[in-house]
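These are the residues of each chain, in order.
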Amino acid sequence: DFVSNVSHELKTPLSSIKAYIEMLVDGEATDEKMRNEFYEIISGETDRLHRLIENILNISRIESGVVKVVREPVSLTAIVKQVLDVGVPQARGKNIEMIEQLAPLYHQVEADRDMIYQAVLNLLSNAIKYTPEGGKVTLSVTMDERRGVTVCEVSDTGMGIPVDDLPHIFDKFYRVRANKRMAKGTGLGLTLVKHIIETVHDGKLSVTSEAGKGSTFSFELPLLT
Ligand code: ADP
């Protein structure tokens, strides 16, 4: 199933690259402006191919266990702060207000730093991608000492996800039709997040969302005592 999905996904940009190169070779782009347009499309489709391959490799490496999981005591707040260094300029570029509510650094979980970084980064980039200009994105880390977990929440005031799409958003290559025009993507980001949180770390990932209002993705990991 995966191989056939992957082949299908790779074929679309590849066919488009081939078609535009053929048109260039046949001299169908009659002026400089049109030629530049074709180059732009080819370049965009090449980027898409690159993103797809990177994501597919990431997922298959983790799923097949090729990537060694390095578990160590880490502070989720520290990881989230690193993600914010990347996300804040991105949000500023879209005039999105970033709100941080971070628990003190000393609370620790046992986790693979790089993988959790990747998971939080994917959630934050989605929140920014699928929130229109002027919206708000909130990132929080809280402790639930009673349940012995630490909870990370990424919340936005963006497009939201229609109720019919919600059960599918963690599937490989699934993209919500209504949100496609909003941003580029591969439909693999959330698959990776789910795998990192639930399979690798025995955590729990959940989502609540309402179309037109926004979404909240949250995951929890056991606190180190
Ligand atoms: P993509 O690369 O398309 O962003 P993901 O696997 O990260 O893929 O997400 C799957 C789909 O779920 C996205 O295409 C988008 O439609 C929807 N989605 C994910 N996060 C959000 C969000 N914060 N707000 C609205 N829609 C979202």
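Residues numbered from 1 in each chain as written. Predicted model: local features only at pLDDT ≥ 70, side-chain atom pairs only at ≥ 80, totals over all residues. Heavy atoms only, no water.

Peer 1: Explanation requested: the overall build of the protein chain in the structure shown.
Peer 2: Along the backbone of the protein chain there are five helices and seven strands. Its helices and strands in sequence order give the protein chain the pattern α-α-β-α-β-β-α-β-β-α-β-β, from N to C terminus. Projected onto the principal axes, the alpha-carbon positions of the protein chain cover approximately 70 × 40 × 35 Å. Intrachain contacts of the protein chain at a sequence separation of at least 6 include 72% that bridge at least 24 residues. As displayed, the protein chain has an accessible area near 12500 Å², and 51% of this comes from carbon and sulfur atoms. With 26 positive and 32 negative side-chain charges, the protein chain shows a spacing of 1 Å between the two charge centroids. (Helix = DSSP H or I, 4+ residues; strand = E, 2+ residues; numbered from the N terminus. Contact = heavy atoms within 4.5 Å. Areas by Shrake-Rupley, 256 points an atom, 1.4 Å probe, with all protein chains shown as cover. Lys, Arg positive; Asp, Glu negative; His and termini not counted. Charge placed at Lys NZ, Arg CZ, Asp CG, Glu CD.)

Peer 1: Would you mind showing me how to read helix α2 (residues 32-63) here?
Peer 2: A turn of α-helix holds 3.6 residues, and therefore any two residues three or four places apart point the same way. Its 32 residues give α2 an end-to-end C-alpha distance of 46 Å, which sits within 8% of 46 Å, the value for a rise of 1.5 Å per residue. Turning to α2, its buried residues are Phe38, Ile42, Arg48, Leu49, Leu52, Ile56, Ile59 and Ile62. On its buried face, α2 is in contact with α1 (2-25), α4 (113-129) and α5 (189-200). Among the residues trailing α2, Gly65 stands out with phi positive, at a value near 80 degrees. (Expected span 1.5 Å × (residues − 1). Buried < 20%, exposed > 50% of the residue type's maximum accessible area, 1.4 Å probe, protein only.)

Peer 1: Help me out: how do you make sense of the site of the ligand in this one?
Peer 2: Taken together, 20 residues lie around the ligand, and Asn126, Tyr130, Arg175, Thr186 and Leu190 are the ones closest in. In the environment of the ligand, an oxygen atom lies 2.8 Å from a nitrogen or oxygen atom belonging to the side chain of Asn126. At a separation of 3.0 Å, an oxygen atom of the ligand approaches a polar side-chain atom of Lys129. With the chains in place, 98% of the 530 Å² that the ligand exposes on its own is no longer accessible. Of all the secondary structure elements, the ones that give two or more residues to the shell around the ligand are α4, α5 and β7 (214-222). Here the element with the most residues in the shell around the ligand is α4; it accounts for three residues. Considered class by class, the residues forming the shell around the ligand number nine nonpolar, eight polar and three charged. (Near = heavy atom within 4 Å. Polar contact = N/O pair within 3.5 Å; in protein donor to acceptor, adjacent residues only side chain to side chain. Nonpolar A, V, L, I, M, F, W, Y, C, P; charged D, E, K, R; others polar.)

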